[in-house]
Amino acid sequence: PRKFFVGGNFKMNGTIKSIKAIVDNLNQANLDSNVEVVVAPPALYLLLVRDSLKAQIEVAAQNVYDQPDGAFTGEISAHQLGDSNITWTILGHSERRTLLGESDAVVSSKTKYALDNGLGVIWCCGETLEQREASLTVAVVTGQLASLKETLGTDAAAWAKVVIAYEPIWAIGTGKVATTEQAQEVHAAIRNWLSDKVSPAVAEATRILYGGSVNEKNCKDLAKQADIDGFLVGGASLKPGFVEIVNCNL
Ligand code: 13P
């Protein structure tokens, strides 16, 4: 059985004050112990969050570079994250792919580097509205996955540290959540693809998260779908209702 996983992606939001309030709220909450919870604050606040958040909750960066150190102005390395007790990173988020121009090749290289250096990776994929309307959803998502597989191969140990987040771009920050059927259909396609191209064991073990306008109201029905193993939550992770999303199976 796959352990349910709920990630909170704060994106470029928060202040010292508001992030301390989020941490206090999470520290006081009774969280379902069957759920792996990971929060991803902006880089500037990673240490503040790691030092003040209870150990039950893990902390992720929102990005990491694929070199150990050196002249890479503005970047942070996997070594530096490890040194700071940050155990996860998000990679391949659509906002970085579109706004920062990260290609499949860049995302795959960063993913490999992060895994080789001990980080878990929340690896994101998803289609635009135009691609969905052209019935290209599964082709786009499996194309992104194929690039990742080129780098990771069929190594089950590497895949075990990857969590896949399916985030349809049209559902991110729009309030337009995918229907349970739309999400389940893509999640099942991702799992089939993994089974065919990587291995049935990796397909069975890999957590596939849904992301895009998840909130405390729509999470319960989504969580009941056979191939939805958790969520990557944006806006709602900044609010007290995030606890209800973590506890959606109770
Ligand atoms: P929202 O939950 O704000 O739609 O964001 C989803 C997301 O992009 C999480 O990475």
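Anything mentioned here points back to the structure above.
Heads up: these notes are all about the structure in this document.

**As for the overall build of the protein chain**
The secondary structure content of the protein chain amounts to 12 helices and 8 strands. Dimensions along the principal axes, computed over C-alpha positions, put the protein chain at roughly 45 × 45 × 35 Å. Burial status across the protein chain gives 52% buried among its 250 residues. The contacts in the protein chain between residues at least 6 apart in sequence include a share of 72% that link residues at least 24 apart. Total accessible area computed for the protein chain in this model is approximately 11300 Å², and 53% of it derives from carbon and sulfur atoms. Computed over 22 positive and 28 negative side-chain charges, the separation of the two mean positions in the protein chain equals 4 Å.

**Topic: helix H1 (residues 16–28)**
The end-to-end C-alpha distance of H1, which contains 13 residues, comes to 18 Å, matching closely the 18 Å that a straight helix rising 1.5 Å per residue would cover. Turning to H1, its buried residues are Ile 19, Ile 22, Val 23 and Leu 26. Projection of H1 onto a plane perpendicular to its axis shows the buried side chains occupying an angular sector of 95°, all on one side. Residues of H1 that are exposed and angled more than 90 degrees away from the buried face: Lys 17 and Gln 28. Against strand S2 (35–40), helix H2 (46–52) and helix H12 (242–246) lie the buried residues of H1.

**Thoughts on the pattern of salt bridges**
All told, the structure shown has 12 salt bridges when counted by the stated rule. With a closest N to O distance of 2.9 Å, Arg 2 and Asp 229 form a salt bridge. On the criterion of sequence distance, the pair formed by Arg 2 in the segment before strand S1 (4–9) and Asp 229 in the loop between helix H11 (219–223) and strand S8 (230–233) is long-range, its members being 227 residues apart. Accessibility expressed as a relative area gives 24% for Arg 2, which makes it partly exposed.

**Observations concerning helix H7 (residues 137–152)**
Across its 16 residues, H7 extends 23 Å between first and last C-alpha, which sits within 8% of the 22 Å expected from 1.5 Å per residue. Within H7, burial applies to Thr 137, Val 140, Val 141, Thr 142, Gln 144, Leu 145, Ser 147, Leu 148 and Leu 152. Directly after H7, the chain includes Gly 153, whose backbone phi takes a positive value near 65°.

**Here we look at the site of the ligand**
Residues in contact with the ligand, as listed here, are Asn 9, Lys 11, His 93, Glu 167, Ala 171, Ile 172, Gly 173, Gly 212, Ser 213, Leu 232, Gly 234 and Gly 235. One of the backbone nitrogen or oxygen atoms of Gly 173 is found 2.6 Å away from an oxygen atom of the ligand. Gly 234 is positioned such that a nitrogen or oxygen atom in its backbone is 2.9 Å from an oxygen atom of the ligand. The cavity that encloses the ligand is the second largest pocket.

What counts and how
- Residues numbered from 1 in each chain as written.
- Predicted model: local features only at pLDDT ≥ 70, side-chain atom pairs only at ≥ 80, totals over all residues.
- Heavy atoms only, no water.
- Helix = DSSP H or I, 4+ residues; strand = E, 2+ residues; numbered from the N terminus.
- Buried < 20%, exposed > 50% of the residue type's maximum accessible area, 1.4 Å probe, protein only.
- Contact = heavy atoms within 4.5 Å.
- Areas by Shrake-Rupley, 256 points an atom, 1.4 Å probe, with all protein chains shown as cover.
- Lys, Arg positive; Asp, Glu negative; His and termini not counted.
- Charge placed at Lys NZ, Arg CZ, Asp CG, Glu CD.
- Expected span 1.5 Å × (residues − 1).
- Arc of directions from axis to C-beta.
- Salt bridge = Lys/Arg side-chain N within 4 Å of Asp/Glu carboxyl O.
- Near = heavy atom within 4 Å.
- Polar contact = N/O pair within 3.5 Å; in protein donor to acceptor, adjacent residues only side chain to side chain.
- 1 Å grid on protein atoms, 1.4 Å probe; cavity = no way out; pocket = protein on both sides within 12 Å on 5 of 7 lines; lining within 4 Å.
- Sits in = over half its atoms within 2 Å of the grid points.

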